[in-house]
Amino acid sequence: MTWHPDETQLNDFLEELLPQEDEERVRAHVAECPQCQDELAGLSDLVGAMGELPVEATPPRDLWPQIQWRMGDTAAGTSQTDQSVNRGRRRITLPAWQLLAAGLLVSLLSGGSVWLVLNNSTPAPSPATLAPAGGAQLASLPPAFQAYGDAVVELEAILEQGREVLDEETIQVLEENLKIIDRAIHDAQEALTMDPASGVLQRVLAGNLRRKMDLLRQAAQVVYANS
Amino acid sequence: MGAIPLAKADAAGPLEGISIEALVQRAQEGDSAAFEVLYRRLVGRIYALCLRMARNAQRAEELTQDVFVRAWERLGSFRGESKFTTWLHRLAVNVVLQAGRSKGRRESREELVGDPGEYLGRVKEEFPGTRIDIERAIALLPEGARKVVVLRDIYGYKYEEIATMQGVALGTVKAQIHRARRMLKEMLS
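Heads up: these notes are all about the structure in this document. None of the values given here were measured: they were computed from a predicted structure. (Residues numbered from 1 in each chain as written. Chains lettered and ligands numbered in written order. Predicted model: local features only at pLDDT ≥ 70, side-chain atom pairs only at ≥ 80, totals over all residues. Heavy atoms only, no water.)

**Here's the deal with the overall build of chain A**
Put simply, the test is: Under the DSSP-based scheme used, a helix requires at least four consecutive residues in state H or I and a strand at least two consecutive residues in state E, with every element numbered from the N terminus. Think of it in three bands: residues with accessible area under 20% of the maximum for their type are buried, residues over 50% are exposed, and the middle band is partly exposed, with areas taken using a 1.4 Å probe on protein chains only. In short, Shrake-Rupley with a 1.4 Å probe defines the accessible areas, and a residue's cover is counted only from the protein chains shown.
The helix and strand tally for chain A stands at 10 helices and 0 strands. Taken from N to C terminus, the helices and strands of chain A fall in the order α-α-α-α-α-α-α-α-α-α. Buried positions account for 43% of the 227 residues belonging to chain A. A total accessible area of about 11600 Å² is found for chain A, and carbon and sulfur atoms account for 54% of it.

See below:
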């Protein structure tokens, strides 16, 4: 047997996309060629199996609060002025266990990262705040990480707007945790200036930026939920 | 499309039994509560697409948010010529592909993509009952091949639709999909 359909022809045959003349030719060949029969059966099994994979998945957390924030909080029948007034009247406190867990987690994760980022003795950056001041520090991020930096700045701004609904203890814990992460980010940045190609350092920096973003996002959601 | 369980059923309230068409109409008039119900009914399908396309759970969450924010912004352009679910899904594909192109311009951001092991852990949790061997093989495909084969073989987009959304020639898409299938067969054999 000198002729076999090529990969494209077999795929098109399976999906009934061949012109009639070509389809008849391939069909006649496959009927007599065990090799092409196997090839076609394997392809058919694969395509069939992929077609049966689930097409829905439940996100691990509710994404709606963040979406609603970004939509501009335009709940029907509620003016922006009313919302501002309500925000000013309410103050909320994160549960103690949540504060403790967040603090421990951040300390462990960021502390590990700092340890990884060489044993440098650079001075710690200025204390983190909920205000966009942290964004100034992120302005010097390598271009590859700038998107994360932008997201952090945006979240910091959101959080600052909602600061008045958080109580002092919550703000203090958030600021302490952000300070730890900022220090780790700073150290990673410093180390990267000495070794820009280091994949380990890039991952450390990415991990700490992600942690900062997660913490800010969680705090922003708490603010939103209580605004 | 089956509805996913409402995480906050109380938020849906009296809107829960309303058809998607009616919810879309109310959302187009600025009713964000109606849009929330749409989100809760449709987020499962959008998140699943984003998760498979991005291969990273955190990125999938960000992309899912982007899709719904974009949908809210563009609701006015939905004229009912297709089903809303189709319109939204296509919008999601465009958001994901656009994000991928941006990422391509910042190539070293690839560092931020999670490893397949971490991704597969999420797949096990979030796609209960799926075939992990196939999911693993898909996750190991090169990015371009992975995206087109997911769109074609899991979500049933036509070659022509994928070519239009990708902005590439039909032949290119077919070649990518055939190559992806060949690689998948090799990995699974």
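**Description of the pattern of salt bridges**
Once their charged atoms are close, side chains differing in charge can pair, the charge on each being opposite to the other. Rules: Salt bridges, as used here, are contacts in which a Lys or Arg side-chain nitrogen is within 4 Å of a carboxyl oxygen on Asp or Glu.
Evaluated as defined, the whole model comprises 18 salt bridges over all chains. Across the pair Glu36(B) and Arg40(B) runs a salt bridge, and its minimum N-O distance is 2.9 Å. One end of the pair is Glu36(B) and the other is Arg40(B), both in helix 3 (residues 32–54) and 4 residues apart, which spans about a single turn. Taken together, the shared-partner salt bridges in this structure form one network comprising Glu15(A), Arg152(B), Asp153(B) and Arg181(B).

**Details of the packing of aromatic side chains**
This is how it is decided: Planes of paired rings set the category: under 30 degrees apart is stacked, over 60 is edge-to-face and the rest tilted, where pairs are Phe, Tyr or Trp rings (Trp by its six-membered ring) whose centres lie within 6.5 Å. Counting as a charge over the ring demands two things of the Lys NZ or Arg CZ atom: a distance within 6 Å of the ring centre and an angle within 35 degrees of the ring normal.
One pass over the structure, following the stated rule, counts 8 aromatic pairs over all chains. Following the ring pairs from residue to residue traces out a cluster consisting of Trp64(A), Phe35(B), Tyr39(B), Phe68(B) and Trp72(B). Sitting over the face of the ring of Phe127(B), Arg52(B) holds its NZ or CZ atom 4.1 Å from the ring centroid. It is Arg152(B) that lies over the ring of Tyr159(B); its NZ or CZ is 4.6 Å from the centre.

**Comments concerning the state of the cysteines**
All names here are of chain A. Condition: Here, two cysteine sulfur atoms that lie within 2.5 Å of each other are counted as a disulfide.
According to the stated counting rule, one finds 0 disulfides over all chains in the structure shown. Cysteine Cys33 is unpaired, with the sulfur of Cys36 as its nearest cysteine sulfur at 3.7 Å. Classification of Cys36 as buried rests on a relative accessible area of 4%.

**Points about the interface of chain B and chain A**
Rules: Residue contacts follow a heavy-atom distance rule, with two residues in contact if any of their heavy atoms lie within 4.5 Å. Two parts placed together each lose some accessible area under a 1.4 Å probe, and adding up what both lose gives the buried area. Side-chain atoms alone can form a polar contact between residues adjacent in sequence; in general such a contact is a pair of N or O atoms within 3.5 Å, and within protein one must be able to donate a hydrogen while the other accepts it.
Residue-level contacts link 53 residues of chain B with 47 residues of chain A. Between chain B and chain A the total buried area reaches about 4500 Å² when both faces are included, carbon and sulfur atoms providing 57% of it. At the surface where chain B touches chain A, the tally comes to 8 salt bridges. A salt bridge links Arg61(A) to Glu61(B); the shortest N-O distance between them is 2.6 Å. Taken together, the links from chain B to chain A amount to 16 residue pairs in polar contact (both at pLDDT 80 or more). Counting only elements with at least two residues in the side of chain B that touches chain A, the list comes to helix 3, helix 4 (57–74), helix 6 (116–126), helix 7 (132–139), helix 8 (143–154) and helix 10 (170–188) of chain B. Here the side of chain B that touches chain A takes 11 residues from helix 3 of chain B, the largest share from any one element.

**Structural notes on the environment of Ala206(A)**
All names here are of chain A. Mapping Ala206 onto the fold places it in helix 10 (residues 199–225). With relative accessibility at 2%, the residue Ala206 sits in the buried group. Residues Ala206 and Ala188 lie 18 residues apart in sequence; the distance between their C-alpha atoms is 9.3 Å.

**As for unusual backbone geometry**
With a phi angle near 55°, Glu16(A) is a residue other than glycine that sits in the positive phi range. Secondary-structure assignment places Glu16(A) in the loop between helix 1 (7–14) and helix 2 (20–32). A residue is classified by how much of its surface remains accessible, and Glu16(A), at 65% relative accessible area, is exposed. Non-glycine residue Arg55(B) carries a positive phi angle of around 60°.

**Some remarks on helix 1 of chain A**
All of the buried residues along helix 1 of chain A are Leu10(A), Asn11(A), Asp12(A) and Phe13(A). Lining the buried residues of helix 1 of chain A we find helix 2 and helix 3 (34–51) of chain A together with helix 10 of chain B. The N-terminus of helix 1 of chain A is capped by Asp6(A), whose side-chain oxygen sits 3.2 Å from the backbone nitrogen of Thr8(A).

**Section: the packing of helix 3 of chain B against helix 4 of chain B**
Residue and element names in this part refer to chain B. Short version of the rule: Every axis corresponds to a line fitted to the C-alpha atoms, with the helix fit spanning only the stretch in contact, and the corresponding angles, defined between N-to-C directions, vary from 0 to 180 degrees. Roughly parallel covers angles under 35 degrees, roughly antiparallel covers those over 145, roughly perpendicular covers 65 to 115, and oblique covers all other angles. The hand of a helix crossing depends on one turn: near helix anticlockwise from the far one by less than a right angle means left-handed, and clockwise means right-handed. Residue polarity is assigned by list, with Asp, Glu, Lys and Arg as charged and Ala, Val, Leu, Ile, Met, Phe, Trp, Tyr, Cys and Pro as nonpolar; anything else, Gly included, falls into the polar class.
Contact geometry of helix 3 with helix 4 gives a least axis separation of 8 Å together with a crossing angle of 140°. With respect to helix 4, the axis of helix 3 lies oblique. The two elements helix 3 and helix 4 cross, and the hand of that crossing is right-handed. Residue-level inspection shows Ser32, Phe35, Tyr39, Leu42, Val43, Ile46, Tyr47, Cys50, Leu51 and Ala54 of helix 3 in contact with helix 4, the latter providing Ala57, Arg59, Ala60, Glu61, Leu63, Thr64, Val67, Phe68, Ala71 and Trp72. Residues of the contact of helix 3 with helix 4, tallied by class, amount to 16 nonpolar, 2 polar and 2 charged.

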